[in-house]
Amino acid sequence: MESDRRYASRVLGLFDATCSRLYRQLDERASDDAIEHYGLLLARISSSFDRSIDVLDIGCGTGRYFYRLCNVRRLVGLDLSQHMLDQARSPVHALDVHADSIQLVCGDLHSAVFAEESFDF
């Protein structure tokens with residue numbers, strides 16, 4: 001648990017306001033094969049549900065993949081850095097993000113509290 005706290009502290013130190021803005025700028029220009037691969041995978045999985053779904057994006061950063069999700073009723077983005085979440089308020093391809101509601105939560109998976117079975121994906 002102590003190593004988790006040290007890791008979280010190091011991550012927070014990396015993603016200050018300036019760095020998170022630069023990260024977001026890279027997201028806007030990204031044409032990376034890995035980003036495309038994971039984006040298509042997310043689209044395929046989220047569209048496979050026969051109903052609207054609730055999604056938890058762990059380590060959502062600037063919301064890089066929000067627009068790739070389909071069929072979303074509620075999207076919760078979880079990230080350690082408030083600065084990254086500030087960027088996620090206007091994610092890449094914002095006009096293509098289709099979720100009935102979006103909630104951005106600053107925290108980590110170990111300390112975030114969600115009701116049991118809150119998410120479909």
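Residues numbered from 1 in each chain as written. Predicted model: local features only at pLDDT ≥ 70, side-chain atom pairs only at ≥ 80, totals over all residues. Heavy atoms only, no water.

(A) Local environment of the nonpolar core. Judged by nonpolar contacts, Ile53, Val55, Cys60, Phe66, Leu69, Val72, Leu75, Leu85, Ala88, Val97 and Leu104 together constitute the single largest core of 11 residues. When contributions to this core are tallied by element, the ones reaching two or more residues are β1 (53–58), β2 (72–79) and α4 (82–88). Beyond its immediate stretch of four places on either side in the chain, isoleucine 53 contacts Ser46, Cys70, Asn71, Val72, Arg73, Arg74, Asp120 and Phe121. (Core = buried A, V, L, I, M, F, W, Y, C linked by side-chain atoms within 4.5 Å. Buried < 20%, exposed > 50% of the residue type's maximum accessible area, 1.4 Å probe, protein only. Helix = DSSP H or I, 4+ residues; strand = E, 2+ residues; numbered from the N terminus. Contact = heavy atoms within 4.5 Å.)

(B) Just the confidence of the model for the protein, in detail. Averaged over every residue, the pLDDT of the protein is 87; residues scoring 70 or more account for 86%. Per-element averaging of pLDDT across the protein places helix α1 (residues 2–14) at the bottom with 61 and β1 at the top with 98. (pLDDT = per-residue confidence, 0-100.)

(C) Looking closely at the sheet that holds strand β3 (residues 99–106). Taken in spatial order, the 3 strands line up as β1-β2-β3 in an open sheet, and their pairing is parallel. A strand with exactly one partner marks an edge of an open sheet, and here the two such strands are β1 and β3. Between one strand axis and the next, the sheet turns through 15 degrees on average, direction left out of account. Across 6 bridges, β1 lies against β2 in parallel orientation. Bridge pairing links isoleucine 53 to valine 72 in β2. (Pairing = 2+ DSSP bridges. Axes fitted to C-alpha atoms, helices over the stretch in contact; angles between N-to-C directions.)

(D) Layout of helix α3 (residues 33–47). Relative to the 21 Å expected for 15 residues at 1.5 Å per residue, α3 spans 21 Å between its end C-alpha atoms, a close match to the ideal helical length. Residues of α3 that are buried include every one of Ile35, Gly39, Ala43 and Ser46, and no others. Buried residues of α3, seen end-on, are gathered within an arc of 80 degrees and therefore sit on one face of the element. Exposed residues lying more than 90 degrees from the buried face of α3 are Asp33 and Arg44. (Expected span 1.5 Å × (residues − 1). Arc of directions from axis to C-beta.)

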